[in-house]
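# Coordinate inspection notes
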Amino acid sequence: MGALSIQHLLVVLVVVILLFGAKKLPEIGSGLGKAIKNFKQSVSEQEANDAASRNKDKDGNKPE
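The structure contained in this document is the topic of the report that follows. Everything numeric in this text was worked out from a predicted model, so none of it was measured.

So, on to the overall build of the protein chain. The number of helices and strands found in the protein chain is two helices and zero strands. In the protein chain, which comprises 64 residues, the proportion classed as buried is 0%. For the protein chain, the accessible surface area stands at approximately 6,000 Å², while carbon and sulfur atoms represent 64% of it.

Here it is, written out as structure tokens:
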């Protein structure tokens, strides 16, 4: 009951095509891909900033 079968995926695909239209799907996919890319980039930048501030704290420097 928890797994999606091929029939479920086809029904979802048909509903998405009916709602958005075939011409709009590439734009939606492109927008979603860019959003995920930007999210990953900002998370990795934040982790790098956190690691740099942790290194400053370990060296005995006061955080700014």
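The rest of the description comes next.
Bringing helix H1 (residues 6-20) into the picture now. Taking 1.5 Å of rise per residue, the 15 residues of H1 would be expected to cover 21 Å, and the 21 Å separating its terminal C-alpha atoms lies within 8% of that figure. Directly after H1, the chain includes Gly21, whose backbone phi takes a positive value near 85 degrees.

All right, on to the pattern of salt bridges then. Across all of its chains, the model carries one salt bridge by this definition. The partner of Glu27 in a salt bridge is Lys24, and the shortest N-O contact between them spans 3.5 Å. A residue is classified by how much of its surface remains accessible, and Glu27, at 51% relative accessible area, is exposed.

Take a nonpolar patch on the surface next. The grouping of Leu4, Ile6, Leu9, Leu10, Leu13 and Ile17 at the surface amounts to a nonpolar patch, some 590 Å² of accessible area in total. By secondary structure assignment, the location of Ile6 is in helix H1.

Rules used in this analysis
Counting restarts for each chain: residues are numbered from 1 in the order of the written sequence. Under the rules for a predicted model, residues below a pLDDT of 70 receive no local features and side-chain atom pairs below 80 are neither given nor counted, while totals for whole chains, interfaces and linings still include all residues. With hydrogens and water stripped out, all remaining heavy atoms of the structure feed into the side-chain values. Each helix is a run of H or I in the DSSP string that is no shorter than four residues. Each strand is a run of E no shorter than two, and both are numbered from the N terminus. Per-residue accessibility, obtained with a 1.4 Å probe over protein chains only, is compared with the maximum for each type, and a residue is labelled buried under 20%, exposed over 50%, and partly exposed between these values. Per-residue and other accessible areas were derived by the Shrake-Rupley procedure at a 1.4 Å probe size, with only the shown protein chains allowed to occlude residues. By this rule, a helix spans an expected 1.5 Å times one less than how many residues it contains. Each reported salt bridge corresponds to a side-chain nitrogen of Lys or Arg within 4 Å of a carboxyl oxygen of Asp or Glu. Two distance rules govern patches: like charges are joined within 9 Å, and nonpolar side chains (Val, Leu, Ile, Met, Phe, Trp, Tyr) within 5 Å, applied only to residues with over 30% relative accessible area and no salt bridge.

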